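Spelled out, the chains give:
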Amino acid sequence: MTREAGGSLILALALVVAGTGTARGQAPARPRNIIFILSDDHRYDFMGFMPGAPAFLRTPNMDRMSREGAHVRNAFVTTSLCSPSRASILTGRYAHRHGVVDNSSPIPPNTVFFPEQLQRAGYRTAYVGKWHMGEDAESDRPRKGFDRWVSFRGQGVYVDPVLNIDGERREVKGYTTDLLTDYALAWLDEQRRTAPDAPFFLYLAHKAVHAEFIPAGRHRGRYGDSPIRYPESMALTAENYRNKPNWVYEQRFGWHGVDHAYHGTLEFDDFYRRYAETLLAVDESIGRVLDWVREAGIRESTLVVYTSDNGFMLGEHGLIDKRTAYETSIRVPMLVSAPGLVQPGRPVTAMVRNIDIAPTLLELAGVAPPEPMDGRSVLPALRGEPLASPGELLYEYYWEYAFPHTPTTFALRGDRYKYTFYHGLWDTSELYDLQRDPDERDNLIGNPAFRDSVTAMRDRLFDRLTESDGMYVPMRRGNFQANERKPHPPKP
C-alpha cells in the first residue's frame, strides 16, 4: 500500500474510532494529531494539583492539563527503568517480550515500534529527545518510523548537548529541556507550512528529571529555603524495618540509599529540592506545546499526552531512585488533553499501563497493531466509557551488573493487594494491603491470616509469566559496578 493510499484509509477508520463523524456529503475530517510528551523519573505525586505534592511545588501547566483535560489517576509502568519502559511504550509489550531488559540492552533485530505504523498510514512523524536504548556509539542514530530525528547518546547532558539531527551531530548551546522544546515546536511549524492537511505525530522525550539534577539557570535556587516533608518510611527505626527484606535495609547504605547516596556525594535535602527545580522547565515545556496547539487553531483535533518513563523514590523506605515495585517507583503521572474526546476536569480511574499507550494511540488513529501487543487500548476509558479491568498489574525488573543493590523483582499489583517476589537471593517476599497501608510499611507476608492469599497470588504471578513466555531471567555483562557500602549497624 502506498503512503497516499494508507493515508486515505486512515481518514475513514479514524472517523469511527475517534467519534468525529461528518454529515453526509461533507469531506471526512482527518484523524487527530498526536503529541506525546515523556519525561524521565517524574514521580506520580509531584504535580501541584496532587494532594500529596510538596506545598512549595508549582506546576501550572500540568495543573492546566488536569483542569482542561483528564488526569489518569492509576497510571503504571511494567518495568521501572528507563530503557525497558521506553521500549514498552513504543512496542506495547513487556520487557521479557521485547528484550530490552536493562539500560545497556540493544534493541533486538526486527523490533517494530508503533510510530512506523502511523507513518505508513499517512502521519508525519518526529522524534525529539532522549532515546536511550542501547549503548553503542551509534545509539543516537535516526530510527525507522520518523520523518524528523533529534536525539543524543545515552542519558545525555543538561547543558550544551551534542544532538544528532537527522543523522548529523552538532553541539548546540543551551539548556537541553528548552532546546528539545525549540526543535519540537520548529518541526510543528514546518508541518503547518508544508503539510497542513496531513495529521502529525510528535514524540517529545525529555532528559529531565533524571539525576543528577541540574535546573535551568532561571530556576536554580527557586526552592532553596523550602521545608521538606520527609516520608515516614524514611526514618531508620525498628518499626520501619521490622518486616522489610534485608536487601532494602542494606541498600539504604549504598548508591541508591539515603545514608550513602551516590557513595556519599549527595546531600538529600539539596537532591530533593534540585529535583523539584529541574521539573520546572519540563512544566514550562508542556505549557509551550499547549500554547502552540491553541495558537495554531488545532486544539479540537489534537491529542496531547504527558507521562513519565517511571516513578522515583525520594526517601521512601530509605531509598532514592526507582527499580523497585514500591508504589512511588511504579506509579507515574499521566495527563491527557483531547477536546471532544476527553471531558475537561474528569479524572480517569481505570488502570493504564505503559504497555497500553501504543495500542491506544494506534486505535485513535484507526491503525491496526502490526503484531500482538501485551497492552490494550484504553480509549473507551478516556472517553468516559466503561472499560473492563486488565486484572492485576504484572511488574518485572531484572538485576543489573552496574547497580547490584536491587534484586530481580516480580510483582502483581491489584486494586487492594500487592505481592512481590524476589529472585536469586535468600530473603523475604512482600505482601501489602494498599487500602489499609498505602505507604507499604506493614509487610503481611508472614501473617498466618494471609497465607492462602500469598499462595494464590504467587501462583497467579507465575501463571502470568508462564503464559507470556517470561519464565527466564536474562543476564548481561558489565564493567562498572556501584558496589560500595557505608559501614552500618545491624538491621534494627
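For the structure itself, consult the block above.
Structural notes, computed from the coordinates. (Residues numbered from 1 in each chain as written. Predicted model: local features only at pLDDT ≥ 70, side-chain atom pairs only at ≥ 80, totals over all residues. Heavy atoms only, no water.)

With respect to the environment of Q191
Part 1 of the argument: Positionally, Q191 belongs in helix α6 (residues 176-194).
Part 2 of the argument: The buried category is assigned to Q191, whose relative accessible area is 8%.
Part 3 of the argument: Remark: the alpha-carbon pair of Q191 and T125, spanning 66 residues in sequence, is separated by 9.7 Å.
Part 4 of the argument: The residues touching Q191, leaving out its near neighbours within four places in the chain, are R124 and P196. (Helix = DSSP H or I, 4+ residues; strand = E, 2+ residues; numbered from the N terminus. Buried < 20%, exposed > 50% of the residue type's maximum accessible area, 1.4 Å probe, protein only. Contact = heavy atoms within 4.5 Å.)

What about the packing of aromatic side chains?
Part 1 of the argument: One pass over the full model with this rule turns up 37 aromatic pairs.
Part 2 of the argument: On the basis of an interplanar angle of 80 degrees and a centroid distance of 6.4 Å, the ring pair of F200 and W292 is categorised as edge-to-face. A residue pair is termed long-range when its members are at least 10 positions apart, and F200 in strand β7 (residues 200-205) and W292 in helix α9 (residues 268-295) qualify at 92 residues. Assigned by exposure class, F200 and W292 land together as buried.
Part 3 of the argument: Considering the side-chain rings of W255 and F480, the 6.3 Å spacing of their centres and the 75 degrees angle between planes classify their relative orientation as edge-to-face. Of this pair, W255 sits in the loop between α8 (246-251) and α9 while F480 sits in the segment after α13 (451-467), placing them 225 residues apart in sequence.
Part 4 of the argument: With a relative accessible area of 17%, W255 lands in the buried category.
Part 5 of the argument: If you follow K207 out to its NZ or CZ, it ends over the ring of Y158, 4.8 Å from the centre.
Part 6 of the argument: If you follow R331 out to its NZ or CZ, it ends over the ring of Y44, 4.2 Å from the centre. (Phe/Tyr/Trp six-rings, centres within 6.5 Å; stacked < 30°, edge-to-face > 60°. Lys NZ or Arg CZ within 6 Å of the ring centre and 35° of its normal.)

Details of unusual backbone geometry
Part 1 of the argument: V209 follows A208 through a cis peptide bond whose omega is 10 degrees.
Part 2 of the argument: Residue E212 follows A211 across a cis peptide bond; omega there is 0 degrees.
Part 3 of the argument: Along the chain, E212 falls in the loop between β7 and α7 (238-241).
Part 4 of the argument: A positive phi angle, close to 75 degrees, is found at R323, a residue other than glycine.
Part 5 of the argument: Take R323: its relative accessible area is 3%, and that puts it in the buried class.

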